[in-house]
Amino acid sequence: MKVLKRIFIALSLFITLFALGIYMLIQLFQSNSHDQTQMDIAEDLSVERFIGTIGETARELADENNLYASVMIAQAILESDKGRSGLASEPNYNLFGMKGTYKNESVTFETLEDDGQGNMSTIQAKFRKYPSYEASMEDYVKLLRNGVSWNEKFYEQAFKSNASTYQEVTRFLTGTYATDSRYEAKLNAIIEQYDLTQYDYPEVKEKQITVVSNESLDRFAEKHNVTVTALKQWNQLQSSNLSEGQIIKVYEPITN
């Protein structure tokens, strides 16, 4: 009897420890999944906030200079790794990978070059250093408007008056602005993903709307006929959650 009792106690202890181990594994998996979800959301929102930072400046500059703001923003996202590259970050602020010097200021970085056939190689190059994002964007506009030293009309096909769609512009910039043979496809994907054509409307009407109880971001976007990505950009949201009483900005394009 004593032997059976000992076996029963040992078996009970084994089952308890086994169950405890399974429970801890489940908790660890759920914790990792939660952390990964939070990380993905944070990365997504960082892009939206970056667009929100430069979007209205791009809208204004593009309208004044016969350009597509959507293409300008997409290039800034792609060239600067969403504003996170060493070249785009403070104190360099070079959003478009512009080479050379700006008011005698420059910085040297490694860069990849495409030979036009998809073959990449690494080189050292001198890039322009700017005091702000706005200065970088203004210099980009100046390049497109004034062309290059040997051809002042070099970028004329990027003008709105010469291109009926942004797709025509991204196609033209492939092989002219950038050597990347997939430049067009990458820019088009960014424009579509982040609804950047909204910035091609020069005039917008702003509305400020108060969030009601239990209203999700998706429901708010559907209710006001806008996209979730636009709401994140306009309001530079720090979270995908909305709170009752929160004021959200919504922009409506003014079309003639």
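Residues numbered from 1 in each chain as written. Predicted model: local features only at pLDDT ≥ 70, side-chain atom pairs only at ≥ 80, totals over all residues. Heavy atoms only, no water.

Colleague: Please clarify how the pattern of salt bridges should be interpreted in this entry.
Modeller: Two side chains bearing opposite charge may form a pair once their charged atoms approach each other closely. Overall, the coordinates contain nine salt bridges when judged by the stated rule. Asp180 is the partner of Lys186 in a salt bridge, and the nearest nitrogen-oxygen pair spans 2.5 Å. Given a relative accessible area of 16%, Asp180 falls into the buried group. One network of salt bridges, in which partners are shared, links Asp81, Lys82 and Arg84. (Salt bridge = Lys/Arg side-chain N within 4 Å of Asp/Glu carboxyl O. Buried < 20%, exposed > 50% of the residue type's maximum accessible area, 1.4 Å probe, protein only.)

Colleague: Help me understand the packing of aromatic side chains in this model?
Modeller: Aromatic rings considered in pairs are described by the distance between their centres and by the relative angle of their planes. Under the definition given, this model contains eleven aromatic pairs. With a centroid separation of 6.0 Å and 85 degrees between ring planes, the pair formed by Phe50 and Tyr133 is classed as edge-to-face. Of this pair, Phe50 sits in helix H1 (residues 2–64) while Tyr133 sits in helix H3 (residues 133–146), placing them 83 residues apart in sequence. Judged by centre distance (4.6 Å) and plane angle (50 degrees), the ring pair of Tyr102 and Tyr130 falls under tilted. One end of the pair, Tyr102, is in the loop between helix H2 (69–79) and strand E1 (106–114); the other, Tyr130, is in the loop between strand E2 (120–128) and H3, and 28 residues separate them in sequence. Ring pairing ties together the aromatic residues Phe96, Tyr140, Trp150, Phe154, Tyr155, Phe172, Tyr177 and Tyr183, which thus form one cluster. (Phe/Tyr/Trp six-rings, centres within 6.5 Å; stacked < 30°, edge-to-face > 60°. Helix = DSSP H or I, 4+ residues; strand = E, 2+ residues; numbered from the N terminus.)

Colleague: Please explain the side chain of Arg128 as it appears in this structure.
Modeller: Tracing the chain through its elements places Arg128 in strand E2. Polar contacts involving the side chain of Arg128 include one to the main-chain carbonyl oxygen of Lys99, which spans 2.7 Å. Sequence-distant contacts of Arg128, that is, excluding residues within four places in its chain, are made with Leu87, Asn92, Asn94, Met98, Lys99, Gly100, Thr101, Tyr102, Glu105 and Asp139. (Polar contact = N/O pair within 3.5 Å; in protein donor to acceptor, adjacent residues only side chain to side chain. Contact = heavy atoms within 4.5 Å.)

Colleague: Could you clarify how one ought to interpret the packing of H2 against helix H4 (residues 166–173) in this entry?
Modeller: When two helices pack together, their arrangement is given by the angle between the helix axes and the distance between those axes. Axis separation between H2 and H4 bottoms out at 9 Å; the angle between their running directions is 45 degrees. One way to sum up the angle between H2 and H4 is to call them oblique. The two elements H2 and H4 cross, and the hand of that crossing is right-handed. For the pair formed by H2 and H4, the contact residues are Ser70, Val71 and Gln75 on the first element and Tyr166, Val169, Thr170 and Leu173 on the second. Its residues placed into classes, the contact of H2 with H4 shows four nonpolar, three polar and no charged. (Axes fitted to C-alpha atoms, helices over the stretch in contact; angles between N-to-C directions. Parallel < 35°, antiparallel > 145°, perpendicular 65-115°, else oblique. Left-handed = near helix turned anticlockwise from the far one by under 90°. Nonpolar A, V, L, I, M, F, W, Y, C, P; charged D, E, K, R; others polar.)

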